[in-house]
Amino acid sequence: MPSIEILTPQSLNEVLGILSNNDKVLKIIAGGTDVVTGLKQESKRFINTEVLVDINRIAEVKGIEQRNGKISIGAASTFTEIYNNQIVSKELPILKKTVATIGSLQIRNRATIAGNFVNNAPCADTVPALLVYNTTIEIESINSKREISLQDFLQGPYKTQLKKDEIVTRINIPVPPKTFVGDFYKLGRRQAVAISRITLAVLMELNENKINEIRIASGAVTPIGTRFPKLEKFAKGNEMNDNFLKTLASKMGEEIIKLTGLRWSSEYKLPVVQQMFYQMLSVILNRAKPR
Amino acid sequence: MINLKFILNGKQVVVETEPSIRLLDLLRDKFNLTGTKEGCGVGECGACTILMNGKAVNSCLIFAAQIEGSEIVTIEGIANGNELHPIQKNFLKYGAVQCGFCSPAMVLSAYALLEENPNPTEEEIKDAIAGNLCRCTGYKQIIEAIAKTKE
């Protein structure tokens, strides 16, 4: 690895100043679990990096708080911090379940939530859960501050809206009403330290057995993590029974193929997605049944 | 070059180093602490595991400049002089060491687990060492050694 300059600013203002001022090729580093491996493997995304800006000591991008019906997660919160957090455990169980599946304990002790979706690999694990939670993110530069939906932020594989002088600071999630239930599923080639081959996240509100609202997202089966608005609209108002779940799962497969076309992996992934989606919904349905 | 100040195995140290050398190389080459191993260099095998501020991390993914002021514990810091830590004793007793290459990191992952959770279930032990690959033992003896170690 070539010698790289590493800056360790102590405040957000310092970071924004560095990002705005520099003619050198800069990359933000937090946990380093993507950056360092990318540098080592001479990935196109990290080649020519001259300066790394370490944001681990920036208070403004750390910490998890709840205010005015929203949960605000610092961009540089590690997965361990998120997993152990009381607010997340109580209000965002799908996110908690998600982060538990990422990497290993060593990775989770360093890797950060924003690092995951700013990298935006097709398999980015945090994206499906964040999408069904209708997440927005705050982005700052020396001259600007904006908040946009995560969905709009993510543009394509390894591509986001983030400009050279910008940094994601906070991840904001409206607290889901108590009536919402959901789940997360990840398929990897092994139980841990595995890149997702398929991820699914579902969040829904049932009225007796009818679907009031349903949010569906997948990762690793389309170019980037995505919601399924057509499917969600189709499902709304329907009775959640076994037959309908099978129909919904079948349609899910169709929607994915529409987005990706037939790929080498479709023969395997398609039936697995449909079956696992059906199983997830069945479990949610069973949990929701009065005892 | 930078002057790096941090706490290494309980002692305050200062060292002059390139900011972008890996913590793994800093420990092995500058401090001659070769207990920490390189297996993959990309954070997948866990052989480079050390404790940073009490948490198990892959030292191959951390740059020297990032550890200013931190508390670093390596395998060399676990024993009490010549007296092995109970985890180390049990690793030997229950046959958890074959070639030994994964062992320093495995012991540190176990140490971090038991500091936080002195009575882990088997599932919790497996979670704690999921990031530590062993090519020799099949993990059974390692899990047993950790399970038998109660603080």
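Owing to the predicted nature of the structure, the values given are computational and were not obtained by experimental measurement. (Residues numbered from 1 in each chain as written. Chains lettered and ligands numbered in written order. Predicted model: local features only at pLDDT ≥ 70, side-chain atom pairs only at ≥ 80, totals over all residues.)

**Re the sheet that holds strand 5 (residues 70-74) of chain A**
Residue and element names in this part refer to chain A. The condition is simple: One requirement defines pairing of two strands: DSSP has to find at least two bridges between them. Each helix corresponds to a stretch of at least 4 residues labelled H or I by DSSP, and each strand to a stretch of at least 2 residues labelled E; elements are numbered beginning at the N terminus. Under this scheme, a helix contributes an axis fitted over its contacting stretch, all axes are lines through C-alpha atoms, and angles between N-to-C directions fall in the 0 to 180 degree range.
Strand order across the open sheet formed by five strands is 4-5-10-6-7, with antiparallel pairing between neighbours. Each edge of the open sheet carries a strand with a single partner, namely strand 4 (64-67) and strand 7 (145-149). Averaged over neighbouring strand pairs, the angle between their axes works out to 25 degrees when direction is ignored. Judged from the five bridges that link them, strand 5 and strand 10 (residues 167-174) form a sheet pairing that is antiparallel. Residue pairing for strand 10: Gly74 is matched across the bridge by Arg170.

**Quick notes on the nonpolar core**
Definition in use: The nonpolar core criterion groups buried Ala, Val, Leu, Ile, Met, Phe, Trp, Tyr and Cys residues into a set whenever they are joined through C-beta atoms within 7 Å. Counts of 20 or more other C-beta atoms within 10 Å of a residue's own C-beta define buried residues, counts of 12 or fewer define exposed ones, and intermediate counts define partly exposed ones; C-beta atoms are placed from the backbone. C-beta atoms are placed from the backbone for every residue, and two residues are taken to be in contact when these atoms lie within 7 Å.
A:Val132, A:Ala201, A:Val202, B:Val107, B:Leu108 and B:Ala110 are the most contacted members of the largest nonpolar core, which has 129 residues in total. Examining the composition of this core, we find that nine residues originate from one element, helix 3 (residues 103-116) of chain B, more than from any other. Leave out the neighbours within four places in its chain, and A:Ala201 touches A:Ile94, A:Pro128, A:Ala129, A:Val132, A:Gly182, A:Phe184 and A:Ala217.

**Observations regarding the sheet that holds strand 1 (residues 2-8) of chain B**
Residues and elements named next belong to chain B. With mixed pairing, five strands are arranged side by side in an open sheet as 2-1-5-3-4. On the outer flanks of this sheet lie strand 2 (11-17) and strand 4 (55-58), each paired with one strand and no other. On average, adjacent strands in this sheet sit at an angle of 40 degrees to one another, irrespective of strand direction. As paired elements, strand 1 and strand 5 (residues 71-73) share two bridges and run parallel to each other. Bridge pairing in strand 5 links Leu8 to Ile72. Lying on the sheet, helix 3 is in contact with strand 3 (49-52) and strand 4; it crosses strand 3 at an angle near 35 degrees.

**Structural notes on helix 1 (residues 12-21) of chain A**
Residues and elements named next belong to chain A. What counts, and what does not: Within this analysis, the arc is defined by the directions that extend from the helix axis to the C-beta atoms.
Along helix 1, the positions that sit buried rather than exposed are Val15, Leu16 and Leu19. For helix 1, the angular spread of buried residues about the axis comes to 95 degrees, placing them on one side. In this structure, the buried residues of helix 1 make contact with strand 2 (26-29), strand 3 (51-54), strand 6 (136-140) and strand 10.

**Comments concerning the environment of B:Gly54**
Residue and element names in this part refer to chain B. You can see Gly54 is positioned in the loop between strand 3 and strand 4. Given 12 C-beta atoms within 10 Å, Gly54 falls into the exposed group. Each C-alpha atom of the pair Gly54 and Tyr111 lies 9.5 Å from the other, and the pair is 57 residues apart in sequence. Filtering out sequence-adjacent residues up to four positions away, Gly54 remains in contact with Ala112 and Glu115.

**Focus: the interface of chain A and chain B**
Stated precisely, the cut-off is as follows: Gly is placed with the polar residues, together with every amino acid not listed as nonpolar (Ala, Val, Leu, Ile, Met, Phe, Trp, Tyr, Cys and Pro) or charged (Asp, Glu, Lys and Arg).
Contact residues are listed per partner, giving 21 residues for chain A and 23 residues for chain B. Put simply, the parts of the chain that give the side of chain A that touches chain B at least two residues each are strand 1 (5-7), helix 2 (35-40) and helix 6 (105-108) of chain A. Here the side of chain A that touches chain B is built from residues that sort into seven nonpolar, 10 polar and four charged.

**Observations regarding the domain arrangement of chain B**
All names here are of chain B. What counts is decided by this rule: For each domain, the first and last residues come from an automatic or database assignment.
Assigned domains within chain B: domain 1 (2-77) and domain 2 (86-147). On a C-alpha basis, the centres of domain 1 and domain 2 stand 21 Å from each other. Listed as interface residues are 14 residues of domain 1 and, on the opposing side, 12 residues of domain 2. At three residues, strand 3 tops the list of elements feeding residues into the side of domain 1 that touches domain 2.

**Quick look at unusual backbone geometry**
Residues and elements named next belong to chain A. Phi at Val193 takes a positive value of approximately 50 degrees, unusual for a residue other than glycine. By the secondary structure assignment, Val193 is in the loop between strand 11 (180-188) and strand 12 (196-207). You can call Val193 buried: it has 20 C-beta atoms within 10 Å.

**Regarding the packing of helix 2 (residues 86-93) of chain B against helix 3 of chain B**
The description of two helices packed together rests on the angle between their axes and the distance between the axes. All names here are of chain B. Put simply, the rule reads: Note on terminology: angles under 35 degrees are roughly parallel, angles over 145 are roughly antiparallel, angles of 65 to 115 are roughly perpendicular, and the others are oblique. Here a crossing is called left-handed whenever its near helix is offset anticlockwise from the far helix by less than a right angle, and right-handed whenever the offset is clockwise.
The N-to-C vectors of helix 2 and helix 3 enclose an angle of 125 degrees; their axes lie 10 Å apart at closest approach. Looking at the two axes, helix 2 sits oblique to helix 3. In the crossing of helix 2 with helix 3, the sense of the turn from one axis to the other is right-handed. Residues Ile87, Gln88 and Phe91 of helix 2 lie in contact with helix 3, whose contacting residues are Ser103, Val107, Ala110 and Tyr111. Considering only residue class, the contact of helix 2 with helix 3 consists of five nonpolar, two polar and no charged.

**Section: the packing of helix 4 (residues 122-129) of chain B against helix 5 (residues 140-147) of chain B**
Residue and element names in this part refer to chain B. Close contact between helix 4 and helix 5 brings their axes to 10 Å; oriented N to C, the two are set at 115 degrees. For the element pair helix 4 and helix 5, the recorded crossing hand is right-handed. Residues Glu122, Ile125, Lys126 and Ile129 of helix 4 touch helix 5, and the partners they reach there are Ile142, Ile143, Ile146 and Ala147. Of the residues that constitute the contact of helix 4 with helix 5, the class distribution is six nonpolar, no polar and two charged.

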